[in-house]
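Close look at the chain arrangement
Next come the chains, spelled out residue by residue.
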Amino acid sequence: MSTLDKVFEYFSSQEKDKHKFLTDVDLLRAIVPTYPPSESHLDRSGSLDGERQNARPQPFWSKAQTGFFKQFDVDGDGLISYPEFLLVLTLLSIHERDVKTIFDVVDLDGNGQIDAEEFKAVMELLQAMANVHTSKVGRSHKLSIDSESGILVSFFGKDGTKKLYLPEFQDFLTKLHEEVVKLEFAHYDNMGRGSMAPVDFARSLVATADVRQVDKLLDRVDALEPELLRKRISFDDFLKVHQVERRLHTLQVALDFFAQVGRSVTKPDFVKLLKKLLNVTLPPHVVDIIFAVFTDDKGNLDISTFLEVMQRREIMWGRRKNSDTDGYPPGTLSRAMVCMRKCFYDE
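Residues numbered from 1 in each chain as written. Predicted model: local features only at pLDDT ≥ 70, side-chain atom pairs only at ≥ 80, totals over all residues. Heavy atoms only, no water.

**What to know about the overall build of the protein chain**
Summing up its helical and strand segments, the protein chain has 16 helices and six strands in all. By residue count, 50% of the 347 residues in the protein chain fall in the buried class. (Helix = DSSP H or I, 4+ residues; strand = E, 2+ residues; numbered from the N terminus. Buried < 20%, exposed > 50% of the residue type's maximum accessible area, 1.4 Å probe, protein only.)

**Looking at the confidence of the model for the protein chain**
For the protein chain, mean pLDDT is 78; residues scoring 70 or higher make up 74% of the total. Mean pLDDT values for the elements of the protein chain range from 48 in helix α16 (residues 332-344) up to 97 in helix α14 (residues 284-293). Note on residues 50-63: pLDDT is under 50 here. Beyond four places in sequence and across chains, it has 33 contacts. A low-confidence stretch, residues 135-141 (pLDDT under 50), is modelled with 13 contacts involving residues beyond four sequence positions or located in other chains. (pLDDT = per-residue confidence, 0-100. Contact = heavy atoms within 4.5 Å.)

**Here we look at unusual backbone geometry**
We note that D17 has phi near 55 degrees; this positive angle belongs to a residue other than glycine. Counting through the fold element by element, D17 comes out in the loop between β1 (14-16) and β2 (19-21). On the basis of relative accessibility, which here comes to 65%, the residue D17 falls in the exposed class.

**Quick word on the environment of T250**
Topologically, T250 is positioned in helix α12 (residues 248-260). Taking C-alpha positions, T250 is 7.1 Å from L277, a pair spaced 27 residues apart along the chain.

**Concerning the pattern of salt bridges**
A full pass over the atoms with the stated rule returns ten salt bridges. Ionic pairing is found between R29 and D26, a salt bridge with its closest N-O pair at 3.3 Å. Of this pair, R29 and D26 both sit in helix α2 (residues 24-31), separated by three residues, roughly a single helical turn. Across the salt bridge formed by D288 and K267, the nearest N and O atoms sit 2.9 Å from each other. Here D288, found in helix α14, pairs with K267, found in helix α13 (residues 267-278); they are 21 residues apart in sequence, far enough to count as distant. By relative accessible area, D288 is classed as partly exposed at 25%. On the basis of relative accessibility, which here comes to 34%, the residue K267 falls in the partly exposed class. (Salt bridge = Lys/Arg side-chain N within 4 Å of Asp/Glu carboxyl O.)

**A few points about the environment of F155**
Residue position: F155 is located in helix α6 (residues 150-156). Judged by relative accessible area, which is 2%, F155 ranks as buried. In contact with F155, not counting residues within four places along its chain, are F119, K162, K163, L164, E168, F169 and F172.

**A closer look at the packing of aromatic side chains**
For the structure on display, the rule yields 17 aromatic pairs. Between the aromatic rings of Y82 and F85, the centroid separation amounts to 6.4 Å while the plane-to-plane angle is 40 degrees, which identifies the pairing as tilted. Residue Y82 and its partner F85 are both found in helix α3 (residues 82-92); the two are separated by three residues, about one turn of the helix. We note that Y82, like F85, is buried. (Phe/Tyr/Trp six-rings, centres within 6.5 Å; stacked < 30°, edge-to-face > 60°.)

**Section: α13**
Here α13 contains twelve residues, and its C-alpha end-to-end distance of 16 Å stays within 8% of the 16 Å for a straight helix at 1.5 Å per residue. For α13, the set of buried residues is D269, F270, L273, L274 and L278. The buried side chains of α13 occupy one side of the element, clustering within an arc of 130 degrees when seen end-on. Projecting away from the buried face of α13 at angles above 90 degrees are the exposed residues P268, K272 and K276. (Expected span 1.5 Å × (residues − 1). Arc of directions from axis to C-beta.)

**Thoughts on the nonpolar core**
Core analysis: the biggest nonpolar cluster contains 47 residues, and F201, L251, L255, F270, F294 and F306 have the highest contact counts within it. Of all the elements in the fold, those that place two or more residues in this core are α7 (166-188), α8 (198-206), α9 (214-222), α11 (235-246), α12, α13, α14 and α15 (303-318). Among the elements that make up this core, the one with the highest residue count is α14 (six residues). Those residues in contact with F306 that lie beyond four places of it in its chain are L251, L255, F270, I290, F294 and L301. Of all hydrophobic cores here, the second largest spans 45 residues; its members include Y82, V88, L91 and I94. (Core = buried A, V, L, I, M, F, W, Y, C linked by side-chain atoms within 4.5 Å.)

This is how it looks when you write it as structure tokens:
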């Protein structure tokens, strides 16, 4: 619940002209809640004011860096500024099912394309809809897209006269999510094996859990059967799980129906739903880990806990508003009160 300027400053590892910047690896740390990799000695990724920063980024991160985020880089220095950070978050807040609707609203003539000014207007509207909140002291709390912004140049050309087509924008958003997933995977693939330890995969699932549930879920991670700990998770499998998260709404409708009629969701049911509704096939050991973490007292899927954690993960990625903070201004005191209410809430 920290304001984004605080998040940005905590995870920024570079400084230029007395301004702090993120690398693409820092960007992951600032966006996605992660636990330290089980195969490293890393304890945390950010730094408070006054702490030494020359030890970061860690060497193993070099393999995770890609050229994708250069599109957000205004001056080509390989660093991500605070406005660019806000832009990434705003783009991540766009739900897959809403992209066409957003285009249809802006594209009044129905030709399937928008110009640079329309794009700016869309981003400002999306920032207002998403929970992209910042401190009102010291930094602008509104997203500002400069005409020379790397993303605008990429979409609309240096002269700003090109048009952005819907399929192009949809493809870009898909790649944006995949790049963040790659960085998250590389964080846990500390040894560069091309796979992650099962315990790290399980921790990644519960990293966004509510504080009232996280200890229970982490206990289940620690209690994973030895057989499950022998089978590592590939990037393709990790990406498939993220695809399930991005299309969670479709799966939620089916799981809610199971809950309403009092029917348990078994592993075969879960596998069938993923294939039929989302066209996603997860290997058996990945499904086993999901059920080991999100299990009810009969060994079936704990529907409510699974959906809540997955929804919170989606919210955190895009900083979307949620019911816990809606109606509260983004001030420090109000968020502290929300935290206290959550911590002391008596179910």
